[in-house]
Amino acid sequence: MKIFVVRHGRTIWNEKHITQGWSQNRLSALGKGQVQETAEKLRDTKLDLIFSSPLMRTMQTTNIINQFHKVKVIRDGRLIEDNKGIFTGKTDKQITKEEWALFEKDPKACGIESWDEIFARVKDFINFLKENYADKKVLVVTHDRIALMIEYCSIYDAFDEGRYKALNRFKNAECRTIDLGK
């Protein structure tokens, strides 16, 4: 099964280097333009349905791309950005030494989602697609780390942070075709 995976377009917070996490922020003017370019490239691609993270930036991306397809959109929480906890809404300069120390000691205490948790929910989503939509042309609209985790899960069966970080990150509004195997 092959799927198309798109990262959302650039946001206002991307431009200000603010940690987004589960925040509900919007695409910037540049981001809308990036997504429109991706939509044009996908214009003649047959799609049966779209799965999207429920966050605003991904839904905006989904709607721009779907203008050419008019297919069903399914919001799926497994595609949501990884939780950045207490760092959401802050730039690196705004994070205190105490917060960094707490993160180093206990990321869970900061509300940070672990790699294993992210891997598990993405793997669950992939298995769901394979079981229910193997014969469909599916577009998935999500976030950089989740898109990359989809790609990672298409290659590996267990999580290894080093192998994950060796993959090339998704650019804003980038679309990749990923083979999920059988």
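These numbers were taken from a predicted model, which means no experiment stands behind them.

Some words on the pairing of strand E5 (residues 175-179)
- Covered by surrounding structure in E5 are Arg176 and Ile178 only, the residues Cys175, Thr177 and Asp179 on the alternate face being uncovered.
- Looking at chain direction, strand E1 (residues 2-7) and E5 are connected through five bridges and run antiparallel. Bridge assignment links Phe4 to a residue of E5, and that residue is Thr177.

Things to note about the nonpolar core
- Formed by 30 residues in total, the largest nonpolar core has its most connected members in Ile3, Phe51, Leu129, Val138, Val140, Met149 and Ile150.
- With eight residues, helix H5 (residues 115-133) is the single largest residue contributor to this core.
- Among residues more than four places away in sequence, those in contact with Val138 are Met1, Ile3, Phe4, Leu47, Leu49, Phe51, Leu129 and Tyr133.

Description of the side chain of Ser53
- If you trace the backbone, Ser53 turns up in the loop between strand E2 (49-52) and helix H3 (56-66).
- Taking the relative accessible area as the measure of exposure, Ser53 reaches 0% and is therefore buried.
- Other than its neighbours up to four places away in sequence, Ser53 contacts Thr58, Met59, Asp76, Leu79, Ile80, Glu81, Val141, Thr142 and His143.

Observations regarding the pairing of strand E4 (residues 138-142)
- The element E4 is extensively covered by neighbouring structure, given that five of its five residues are classed as buried.
- The side-chain alternation of E4 yields two buried faces, one formed by Val138, Val140 and Thr142 and the other by Leu139 and Val141.
- As defined by bridge partners, E1 adjoins E4 across five bridges and the pair is classed as parallel. In the strand pairing of E4, Arg7 is matched with Thr142.
- With four bridges joining them, E2 and E4 adopt parallel strand pairing. The partner of Ser52 across the bridge, within E4, is Val141.

Parameters and conventions
Residues numbered from 1 in each chain as written. Predicted model: local features only at pLDDT ≥ 70, side-chain atom pairs only at ≥ 80, totals over all residues. Heavy atoms only, no water. Buried < 20%, exposed > 50% of the residue type's maximum accessible area, 1.4 Å probe, protein only. Helix = DSSP H or I, 4+ residues; strand = E, 2+ residues; numbered from the N terminus. Pairing = 2+ DSSP bridges. Core = buried A, V, L, I, M, F, W, Y, C linked by side-chain atoms within 4.5 Å. Contact = heavy atoms within 4.5 Å.

Note that every value here comes from positions in space, so none of it alone points to a role or purpose.
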